[in-house]
Amino acid sequence: MIDPDGYRPNVGIVLMREDGRLFWARRVNRDGWQFPQGGMNTDETPLEAMYRELREETGLDPGHVEVLGATPGWLRYRLPNRCIRRGARGPTCIGQKQVWFLLKMRCEEAQLRLDLTEKPEFDAWRWVDFWYPCENVVAFKREVYVRALRHLAPVARSICADGAISEHDVPALPELVRRRGRG
């Protein structure tokens, strides 16, 4: 499903522990790390798609997490030209539009499973500091990561220990835009 502007509806998942650290996963057969995310089916709401993607990519069920917040509306990013599939049937997808959810993990780490589907998305994971993904995701996703985390940070701060998520460590968008060619 691609909208008239060429964007595919998608959900992003920021899974957080009580200490403010985030779930960060490595794509199978790649050196790229990212948050869980995935496309929406035509009959799904963003919340339904998020729970489906959560199960597929992390093995967690709704009872394992608490939804703390979501971004209002869609956050968009464009794909680099090398990633746009041309000549395919149907409309060309030029990027993704996403609703991002902040989830608090309410279970033991042993519940995390990357191998529940026939084709897992990830082959490794780790916990990272809250702002780490903004500068370590593939360059074309950096701006949307900053926007999502900036929106979700106040909610995350409200449930974490004092100082776990610093207001002073927020990456500046102009700096990330200048560094787009890297990463």
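Residue indices follow the written sequence of each chain, beginning from 1 at its first position. This being a predicted model, a pLDDT of at least 70 is required before a residue's local features are given, and a value of 80 or more before pairs of side-chain atoms are given or counted; all residues contribute to the totals for chains, interfaces and linings. Values shown for side chains rest on all heavy atoms present in the structure; no hydrogens or waters enter the calculation.

A. Here's a closer look at the pairing of strand β7 (residues 95-105). Categorising residues by exposure relies on relative accessible area from a 1.4 Å probe, with only protein chains included: less than 20% of the type maximum marks a residue as buried, more than 50% marks it as exposed, and the intermediate range marks it as partly exposed. The helix count covers DSSP runs of H or I at least four residues long, the strand count covers runs of E at least two residues long, and both are numbered beginning at the N terminus. Within β7, 11 of the 11 residues are buried, which leaves the element mostly enclosed by the surrounding structure. A pair of strands is considered paired only if DSSP assigns at least 2 bridges between the two. Pairing of strand β5 (residues 65-70) with β7 involves five bridges; the strand directions are antiparallel. Within β7, the position partnered with V67 by the bridge is L103. Of the strand pairs in this sheet, strand β6 (residues 75-78) and β7 are connected by four bridges, and their pairing is antiparallel. Bridge pairing in β7 links R78 to G95.

B. Broad picture of the side chain of D3. Of note, D3 is situated in the segment before β1 (7-16). Under the relative-accessibility criterion, D3 is labelled buried at 11%. The term polar contact refers here to a pair of N or O atoms within 3.5 Å; inside protein, the definition further demands a hydrogen-donor-capable atom paired with an acceptor-capable atom, and it admits residues adjacent in sequence only when both atoms are side-chain atoms. A polar contact is formed between the side chain of D3 and the backbone nitrogen of D5, at a distance of 2.9 Å. At 3.1 Å, the side chain of D3 forms a polar contact with the side chain of K97. Whether two residues are in contact is decided by their heavy atoms: any pair within 4.5 Å suffices. Residues contacting D3, with those up to four places away along its chain left out, are R76 and K97.

C. Region of interest: helix α3 (residues 142-159). With 18 residues, α3 extends 25 Å from end C-alpha to end C-alpha; this agrees with the ideal 26 Å at 1.5 Å per step. Think of it this way: the bend at a residue is just the angle between two axes, each fitted to seven residues, one set ending at that residue and the other starting at it. Where α3 bends most, at A153, the angle is about 45 degrees, and the proline P154 comes one to four residues later. The complete set of buried residues in α3 reads R142, V144, Y145, V146, A148, L149, L152, A153 and A156. Here a helix's expected span is defined as the number of its residues, less one, multiplied by 1.5 Å.

D. Quick peek at helix α1 (residues 46-58). Between its terminal C-alpha atoms α1 stretches 17 Å, which fits the 18 Å expected from 13 residues at 1.5 Å a residue. Buried residues along α1 sit in contact with β1, β2 (22-27), β4 (37-39), β5, β7 and β8 (122-128). Phi for G59, located one or two positions after α1, is positive at around 80 degrees.

E. A look at the nonpolar core. Put simply, a nonpolar core is a bunch of buried Ala, Val, Leu, Ile, Met, Phe, Trp, Tyr and Cys residues held in one set by side-chain atoms that sit within 4.5 Å of each other. V14, M16, L22, F35, W100, F130 and L149 are the most contacted members of the largest nonpolar core, which totals 33 residues. Elements with a contribution of two residues or more to this core: β1, β2, β6, β7, β8 and α3. Looking at this core element by element, the count peaks at eight residues for α3. Setting aside its immediate chain neighbours within four residues, L149 contacts V14, L22, F35, F130, W131 and C134. F101, L103, M105 and F122 belong to the second-largest nonpolar core, a separate cluster that totals 20 residues.

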